[in-house]
Amino acid sequence: MRLFVAITLSPAFRQAVLETMEQLRAQCASGSFTRPENLHITLAFLGELPSPIPARQALEQVDFAPFPIMLEGTGHYGDLWWAGLRRSPQLLNLSEQVRRELDKQGISFDRKPFRPHITLARRTVLLSPGCASLQLEPVSMQVESIVLMKSQRVQGRLLYSPVFRREARQDSPSD
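Quick look at the structure, then. (Residues numbered from 1 in each chain as written. Predicted model: local features only at pLDDT ≥ 70, side-chain atom pairs only at ≥ 80, totals over all residues. Heavy atoms only, no water.)

Side chains that are three or four residues apart share a direction in an α-helix, a result of its 3.6 residues per turn. Its 16 residues place the ends of helix H1 (residues 11–26) 22 Å apart at the C-alpha level, agreeing with the 22 Å of an ideal helix rising 1.5 Å per residue. Within the sequence span of H1, burial applies to Phe 13, Ala 16, Val 17, Leu 18, Thr 20, Met 21 and Leu 24. For H1, the elements touching its buried residues are strand S2 (28–33), strand S3 (40–48), strand S4 (67–77), strand S5 (80–85), strand S6 (117–126) and strand S7 (140–143). (Helix = DSSP H or I, 4+ residues; strand = E, 2+ residues; numbered from the N terminus. Expected span 1.5 Å × (residues − 1). Buried < 20%, exposed > 50% of the residue type's maximum accessible area, 1.4 Å probe, protein only. Contact = heavy atoms within 4.5 Å.)

In structure tokens, the structure reads:
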């Protein structure tokens, strides 16, 4: 079972990303664009595991309060284009905490440094050489949960489905 830990997007966040993706699509001769329902922010990529249970046990130990994130900037690594996020100490802390708990459970994961982004497209070929011109609306959302996701091919299409959701801590207001 191919697994990863992610933050799913709010409707407004997703819409802003989709608008930027359409700008990119208009400037490309070809490319493999992320399906709207698959847009997410990866906190940790686990790869193939025989069972989701140890990963779920690790995520049950993650403790975080809701916090805001904001879209900011776009870029690319070669032919892979992404939408970026404003620097967020809470997001970096959450990623570190997820990875620490995975380590405690002995779960291997991709240890590349965490670079928060949302993949727009892979294998792009621009109509004009050089850089695409993209605008990204600075929309924000509250991170209120993290999700253990399963990745599988269904009838030739990549499908991500939730296996387990860890909700943020909801602190009671003081009396």
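On inspection of all chains with the given rule, the structure shows 8 salt bridges. Between Lys 104 and Glu 101 there is a salt bridge, and its shortest N-O distance comes to 3.4 Å. Linking Lys 104 with Glu 101, this pair stays in helix H3 (residues 89–104), spanning 3 residues, or about one helical turn. Judged by relative accessible area, Glu 101 falls into the buried class, the value being 10%. (Salt bridge = Lys/Arg side-chain N within 4 Å of Asp/Glu carboxyl O.)

This next bit is on the sheet that holds S3. Strand-to-strand pairing in sheets goes through backbone hydrogen bonds, with the strands running parallel or antiparallel. Spatial ordering of the open sheet is given by S3-S1-S8-S9, a layout of 4 strands whose pairing is antiparallel. Here the strands that pair on one side only, and so sit at the sheet edges, are S3 and strand S9 (157–167). The mean angle between the axes of side-by-side strands here comes to 25°, regardless of whether they run parallel or antiparallel. Pairing of strand S8 (residues 145–154) with S9 involves 10 bridges; the strand directions are antiparallel. (Pairing = 2+ DSSP bridges. Axes fitted to C-alpha atoms, helices over the stretch in contact; angles between N-to-C directions.)

By the bridge criterion, 4 bridges tie S4 to S7 in an arrangement that is antiparallel. Among the inter-strand pairings, Met 70 is bridged to a residue of S7, identified as Ser 140. Direction of pairing for S4 relative to S5: antiparallel, over a ladder of 5 bridges. From the neighbouring strand, His 76 faces S5, where its bridge partner is Trp 81. Turn length for the S4-S5 hairpin, with the two strands adjacent in sequence and antiparallel, is 2 residues, and the turn residue Gly 78 shows positive phi of about 65°.

Here we take up the sheet that holds S4. If you walk across this open sheet you meet the 5 strands as S2-S6-S5-S4-S7, and the pairing is antiparallel. Strand pairing shows two members of the sheet lacking a second neighbour, S2 and S7, which therefore form its edges. Each strand of the sheet is rotated relative to its neighbour by a mean of 40°, with strand direction disregarded. The pairing of S2 with S6 spans 4 bridges and is antiparallel. Its bridge partner lying in S6, Ser 30 is registered against Val 125. Each of S2, S4, S5, S6 and S7 is contacted by H1, which is oriented at about 10° to S6, the strand it contacts most. Packing against the sheet, H3 makes contact with S4, S5 and S7, and its axis sits at approximately 85° to S4.

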